[in-house]
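Report on the structure
Each chain, written out:
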Amino acid sequence: MYVVKSPLSDASLKTVSEALQGALVDLVDLALVAKQIHWNVVGQRFRSVHLQLDEVVDIARKYSDTVAERAAALGISPDGRAATVAVGSGIGVTPEGWVDDTTAVGTLVDALGAVIARMRERVEATGEPDPVSQDIFIGITADLEKHHWMFQAENG
């Protein structure tokens, strides 16, 4: 079996591995949460919130692939299995059933806020050991903060 060897030291690789795996879990869960709410949102702003949720799904899926591939490039086996996501995500519980548009937006504000806080920790943690991974986290954080702002503005 071929094993990818990282140019990072063992200590650096441990730090970066934890950051990449944590980011993968959060991004997979963010995509799931946004899609769940997308399917169940109701209310006067249904259409705009419904479409806005798909934008978050798309960006979370895109970045989860970027993060997983960065991990693989460093010899880290990415784990996006449902059980791993369920126990490792920093996102709170998603409402069950139909969700009014105001609650839907609030849920996404909270979910994005949780992921952003953890991404910012990863930006800090990876600066010294791996600026390449840090750059990925910076880009993810910037895009998520844009969506966070837009959802906050949605509820005023």
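Here's a quick rundown of the structure. Keep in mind that this is a model prediction, so the values were computed, not measured.

1. A closer look at the nonpolar core
One finds Leu30, Leu108, Ile140 and Leu144 to be the most contacted residues of the largest nonpolar core, which totals 46 residues. At the level of secondary structure, the elements contributing two or more residues to this core comprise α1 (10-40), α2 (46-73), α4 (101-126) and α5 (131-155). The leading source of residues in this core is α1, at 14 residues. Excluding residues within four positions of it along the chain, Leu30 makes contact with Val56, Ala60, Ile91, Leu108, Ala111, Leu112 and Leu144.

2. Comments concerning the packing of α2 against α5
Between α2 and α5, whose axes approach to 11 Å, the crossing angle comes to 170°. The angle between α2 and α5 falls in the class roughly antiparallel. Listed contacts from α5 to Ser48, Val49, Gln52, Leu53, Glu55, Val56, Ile59, Lys62, Tyr63, Thr66, Val67 and Arg70 of α2 are Val132, Ser133, Ile136, Gly139, Ile140, Asp143, Leu144, His147, Met150, Phe151 and Glu154.

What counts, and where the lines are drawn
- Residues numbered from 1 in each chain as written.
- Predicted model: local features only at pLDDT ≥ 70, side-chain atom pairs only at ≥ 80, totals over all residues.
- Heavy atoms only, no water.
- Core = buried A, V, L, I, M, F, W, Y, C linked by side-chain atoms within 4.5 Å.
- Buried < 20%, exposed > 50% of the residue type's maximum accessible area, 1.4 Å probe, protein only.
- Helix = DSSP H or I, 4+ residues; strand = E, 2+ residues; numbered from the N terminus.
- Contact = heavy atoms within 4.5 Å.
- Axes fitted to C-alpha atoms, helices over the stretch in contact; angles between N-to-C directions.
- Parallel < 35°, antiparallel > 145°, perpendicular 65-115°, else oblique.

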